[in-house]
Amino acid sequence: MKIIGLTGGIASGKSTVSAYLQEKGASIIDADGIAHELLEPGRPLYEAYRNHFGEKILLPDGTLDCRAIGQLVFSDPIERKWLNATAHPLIQQEICQRLQRYQAEKKSVIVLDVPLLFESGWDKMAEKVCLVYVEEKIQLARLMKRNGYGREEAAARIAAQMPWEEKKKRADCLIDNSGSLSSTLRQVDDLWKEWTHDGVS
Ligand code: ADP
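Calculation notes
- Residues numbered from 1 in each chain as written.
- Predicted model: local features only at pLDDT ≥ 70, side-chain atom pairs only at ≥ 80, totals over all residues.
- Heavy atoms only, no water.
- Helix = DSSP H or I, 4+ residues; strand = E, 2+ residues; numbered from the N terminus.
- Rg over C-alpha atoms; globule rule 2.2 N^0.38 Å.
- Buried < 20%, exposed > 50% of the residue type's maximum accessible area, 1.4 Å probe, protein only.
- Contact = heavy atoms within 4.5 Å.
- Areas by Shrake-Rupley, 256 points an atom, 1.4 Å probe, with all protein chains shown as cover.
- Lys, Arg positive; Asp, Glu negative; His and termini not counted.
- Charge placed at Lys NZ, Arg CZ, Asp CG, Glu CD.
- Axes fitted to C-alpha atoms, helices over the stretch in contact; angles between N-to-C directions.
- Parallel < 35°, antiparallel > 145°, perpendicular 65-115°, else oblique.
- Left-handed = near helix turned anticlockwise from the far one by under 90°.
- Pairing = 2+ DSSP bridges.
- Core = buried A, V, L, I, M, F, W, Y, C linked by side-chain atoms within 4.5 Å.
- Near = heavy atom within 4 Å.
- Polar contact = N/O pair within 3.5 Å; in protein donor to acceptor, adjacent residues only side chain to side chain.
- Nonpolar A, V, L, I, M, F, W, Y, C, P; charged D, E, K, R; others polar.

J.: Could you clarify how one ought to interpret the overall build of the protein in this entry?
T.: Looking only at helices and strands, the protein features 10 helices and five strands. On C-alpha atoms alone, the protein measures out to a radius of gyration of 18 Å, which is about the 17 Å that the 2.2 N^0.38 rule sets for 201 residues. With respect to the principal axes defined by its C-alpha atoms, the protein has extents near 55 × 40 × 30 Å. Buried positions account for 43% of the 201 residues belonging to the protein. The contacts of the protein with a sequence gap of at least 6 include a subset with a gap of at least 24, amounting to 71%. Accessible surface computed for the protein: about 10900 Å², of which carbon and sulfur atoms make up 50%. Where the 27 positive side-chain charges of the protein centre and where its 29 negative ones centre are 2 Å apart.

Right, dumping it as structure tokens:
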């Protein structure tokens, strides 16, 4: 059984790689997906955000307006700190539970799909950390296209993250997603062979 940490930068292709790894048989622990589940009405993060920010972060149907929250915390470091301090322990608890479950089920490859893997310290749980990398110019273009951001907003979101050089230094392996999708999937195929045949421990 191997625990692989998967990380990247915004719009680097991490979700694309994670979905492919799942197709190949990996058990994925998706931190963003867990966060979304905990944000559903009645779940703990929903209640915490609603109490803290008030009705202005609710959509007419009563669900959270995640875009509004994103803008609020992006422009205000104090709110961002509050949000992180509130969200992280709840998400961590859920990740731990899933990890224990997959370990008990003796899954062969468990992938920790965590956007801020290094920043949150989850990299220490992984035997290997795999970085989905993309050249910054291409990252900017893909982010603008996917999220409908203007150039400035996209550049600011990229600049707010840990620099690529730092992430590269800390990663054990790199998937370069600057090229075509098929070239990326071939790199994942090679890693998968390594993990499932040669072992990583
Ligand atoms: P992340 O999960 O890291 O934010 P995504 O997997 O969502 O990134 O990819 C970001 C965007 O780039 C998506 O719109 C995706 O369809 C696109 N994309 C990903 N990989 C490639 C690729 N190799 N070539 C072209 N577009 C890609």
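Okay, back to it.
J.: Could you clarify how one ought to interpret the packing of helix H2 (residues 31-38) against helix H5 (residues 77-104) in this entry?
T.: When two helices pack together, you describe them by how their axes are tilted relative to each other and by the distance separating the axes. At a closest axis distance of 10 Å, the pairing of H2 and H5 adopts a crossing angle of 120 degrees. What the angle tells us is that H2 and H5 run oblique. By crossing handedness, the relation of H2 to H5 is classed as right-handed. Contact with H2, carried on its side by Ala31, Ile34, Ala35, Glu37 and Leu38, involves Leu90, Ile91, Glu94, Ile95 and Arg98 of H5 and no other residues of that element.

J.: Can you help me understand the pairing of strand E5 (residues 173-176) in this one?
T.: Within a regular beta strand, the side chains point alternately toward one face of the sheet and then the other, so they alternate between its two faces. In E5, alternate side chains face the same way, and those of Cys173 and Ile175 are buried while those of Leu174 and Asp176 on the opposite face are not. Both strand E4 (residues 128-133) and E5 contribute to a ladder of four bridges, which runs parallel. The residue of E5 that forms the bridge with leucine 131 is leucine 174.

J.: Before we go on, may I ask you to explain the nonpolar core in this structure?
T.: If you look at the biggest cluster of nonpolar residues, it comprises 37 residues, and the most contacted ones within it are Ile29, Tyr49, Leu64, Ile69, Ile91, Ile95 and Leu112. For this core, the secondary-structure elements that each account for two or more residues are H2, helix H3 (44-53), helix H4 (66-75), H5, strand E3 (109-113), helix H6 (117-120) and E4. The biggest single contributor to this core is H5, with six residues. Not counting the four nearest positions on each side in its chain, isoleucine 69 is found in contact with Tyr49, Phe53, Ile57, Leu64 and Leu83. Counting residues in each nonpolar core, the second largest holds 17 residues, with Tyr20, Val109, Trp192 and Trp195 among its members.

J.: In this structure, what is going on with the site of the ligand? I would like to understand it.
T.: Neighbouring residues of the ligand: 13 residues in total, closest Lys14, Ser15, Thr16, Arg146 and Asn177. Here arginine 146 contributes a side-chain N or O atom positioned 2.8 Å from an oxygen atom of the ligand. Taking leucine 181, its main chain carries an N or O atom lying 3.4 Å from a nitrogen atom of the ligand. Among the residues making up the shell around the ligand, the classes are represented as two nonpolar, eight polar and three charged.

J.: Before we go on, may I ask you to explain the pairing of E4 in this structure?
T.: Where burial is concerned, most of E4 is hidden: five out of the six residues are buried. Pairing analysis gives five bridges linking strand E1 (residues 2-8) to E4, with the strands arranged parallel. The residue of E4 that forms the bridge with glycine 5 is valine 129.

J.: Sorry, what's going on with the packing of H4 against H5 here?
T.: Relative to each other, H4 and H5 sit at 120 degrees, their axes nearing to 5 Å. Taken as axis vectors, H4 and H5 run oblique relative to one another. For the pair formed by H4 and H5, the contact residues are Ile69, Val73, Phe74 and Ser75 on the first element and Pro77, Glu79, Arg80 and Leu83 on the second. Tallied by class, the residues present in the contact of H4 with H5 amount to five nonpolar, one polar and two charged.

J.: Please explain the sheet that holds E1 as it appears in this structure.
T.: Neighbouring strands of a sheet are bound in pairs by backbone hydrogen bonds; such pairs are parallel or else antiparallel. Taken in spatial order, the five strands make up an open sheet running E2-E3-E1-E4-E5, and their pairing is parallel. Looking along the sheet, the strands with just one partner apiece sit at the ends: strand E2 (27-30) and E5. Going from strand to strand, the sheet's axes swing by 25 degrees on average, the running direction of each strand aside. In this sheet, E3 lies alongside E1 in parallel orientation, the contact comprising five bridges.

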